[in-house]
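Now for the letters of each chain:
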Amino acid sequence: MTVNIDASWKQSLAQEFEQSYFLELVSFVKREYGQHTCYPKGKHIFAAFEHSPFEKTKVVIIGQDPYHGPNQANGLCFSVNEDIPHPPSLINIFKEIEADTGIPYPISGNLERWADQGVLLLNATLTVRAHQAGSHQGKGWESFTDQVIRTVSNEKRGVVFLLWGGYAKKKAALIDQHKHHILTSGHPSPLSANRGYWFGNRHFSKTNALLLQMGKKPIAW
């Protein structure tokens, strides 16, 4: 498994790559990709880190699992490849952005445009077996991505963390709330959104307001 990851992340996470759990994780992922169809493509497993270098990361959005359908996952949470129909959660994200900021609903569901502006789109688990949601959970990815969150919290200041849904909200325990900003809401999935826990959170305008207060460039959502 080639770890395509920006040099700044390699430096910040160097010790993590040497941990026994991570070496076991690499072996597991290589075996899974060799024996089964898995997503995203191997070269995209660490795409979140490629597009948002450590020093440029100013917003973190936390997801859970990659999409497990054909050609959907591209290594960024909630994001899909070009020309792929938008999954329900992504549809609700774009609807909230339009209502919150006036930015029209986009044609592309590829969120690389966010990541390239310093939005770390981090799934807790970075790989999955095709059509088997959660199949790579509990294999070590969570230990790695938890450490990513801790590293951002410890070594940076003024990052805006967007925690959507119960799973993501638990990650608040890893974040120094005296140094960073945390915005929470329900998950954008239809089950949560239709109960009134997602729409109207205005996280996108609130994030940009916080970035501007800190003298940082807002995100073009």
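Structure report, in brief. What you see is a predicted model; the values in this text were computed from it and never measured.

Each value, and the rule that gives it
Residues numbered from 1 in each chain as written. Predicted model: local features only at pLDDT ≥ 70, side-chain atom pairs only at ≥ 80, totals over all residues. Heavy atoms only, no water. Core = buried A, V, L, I, M, F, W, Y, C linked by side-chain atoms within 4.5 Å. Buried < 20%, exposed > 50% of the residue type's maximum accessible area, 1.4 Å probe, protein only. Helix = DSSP H or I, 4+ residues; strand = E, 2+ residues; numbered from the N terminus. Contact = heavy atoms within 4.5 Å. Pairing = 2+ DSSP bridges. Axes fitted to C-alpha atoms, helices over the stretch in contact; angles between N-to-C directions. 1 Å grid on protein atoms, 1.4 Å probe; cavity = no way out; pocket = protein on both sides within 12 Å on 5 of 7 lines; lining within 4 Å. Points joined across faces, edges and corners; volume = space filled by probe spheres on them. Nonpolar A, V, L, I, M, F, W, Y, C, P; charged D, E, K, R; others polar. Salt bridge = Lys/Arg side-chain N within 4 Å of Asp/Glu carboxyl O. Phe/Tyr/Trp six-rings, centres within 6.5 Å; stacked < 30°, edge-to-face > 60°.

### Notes on the nonpolar core
Move 1: In terms of nonpolar packing, the biggest core is built from 65 residues, with Phe 49, Ile 61, Trp 114 and Phe 144 touching the most fellow members.
Move 2: Of all the elements, helix α2 (residues 20-35) adds the most residues to this core, at six residues.
Move 3: Apart from residues lying up to four places away in sequence, Phe 144 is in contact with Leu 13, Glu 16, Phe 17, Tyr 21, Phe 22, Phe 46, Phe 49 and Leu 126.

### Structural notes on the sheet that holds strand β6 (residues 181-185)
Move 1: If you walk across this open sheet you meet the four strands as β3-β2-β5-β6, and the pairing is parallel. Across the chains shown, the open sheet's two edge strands, defined by having one partner strand only, are β3 (119-123) and β6. Within this sheet the neighbouring strands show an average axis-to-axis angle of 20 degrees, counted without direction.
Move 2: Relative to β6, strand β5 (residues 160-164) runs parallel, the two being bridged by five bridges. Within the sheet, the bridge partner assigned to Leu 163 lies in β6 and is Thr 184.

### A few points about the layout of surface pockets
Move 1: Computed from the structure, the largest pocket encloses a volume of approximately 460 Å³.
Move 2: Gln 64, Asp 65, Phe 78, Asn 123 and His 187 are the residues nearest the centre of the largest pocket, which is lined by 29 residues in total.
Move 3: Secondary structure elements with two or more residues in the lining of the largest pocket: β2 (59-63), α4 (88-101) and α7 (165-169).
Move 4: Among the elements that make up the lining of the largest pocket, the one with the highest residue count is α7 (four residues).
Move 5: When the residues that make up the lining of the largest pocket are grouped by side-chain class, the tally is 16 nonpolar, twelve polar and one charged.

### Section: the pattern of salt bridges
Move 1: Inspection of every chain in the model, using the stated rule, returns three salt bridges.
Move 2: Arg 129 is paired through a salt bridge with Glu 32; the nearest N and O atoms lie 2.8 Å apart. Highlighted residues: Arg 129 in strand β4 (residues 128-129) and Glu 32 in helix α2, separated in sequence by 97 residues.
Move 3: Classification of Glu 32 as buried rests on a relative accessible area of 7%.
Move 4: The partner of Asp 100 in a salt bridge is Arg 202, with the nearest N and O atoms 3.2 Å apart. A residue pair is termed long-range when its members are at least 10 positions apart, and Asp 100 in helix α4 and Arg 202 in the loop between α8 (190-193) and α9 (203-213) qualify at 102 residues.
Move 5: By relative accessible area, Arg 202 is classed as partly exposed at 45%.

### Here's the deal with the packing of aromatic side chains
Move 1: Counting across every chain of the model gives 19 aromatic pairs.
Move 2: Between the aromatic rings of Phe 17 and Phe 22, the centroid separation amounts to 5.1 Å while the plane-to-plane angle is 65 degrees, which identifies the pairing as edge-to-face. Comparing Phe 17 with Phe 22, the two get one shared label, buried.
Move 3: Considering the side-chain rings of Trp 164 and Trp 198, the 4.8 Å spacing of their centres and the 80 degrees angle between planes classify their relative orientation as edge-to-face. With Trp 164 in strand β5 and Trp 198 in the loop between α8 and α9, this residue pair connects regions lying 34 residues apart in the sequence.
Move 4: Grouped by ring-pair contacts, the aromatic residues Trp 9, Phe 17, Tyr 21, Phe 22, Phe 46, Phe 49, Phe 54, Trp 141 and Phe 144 constitute a single cluster.

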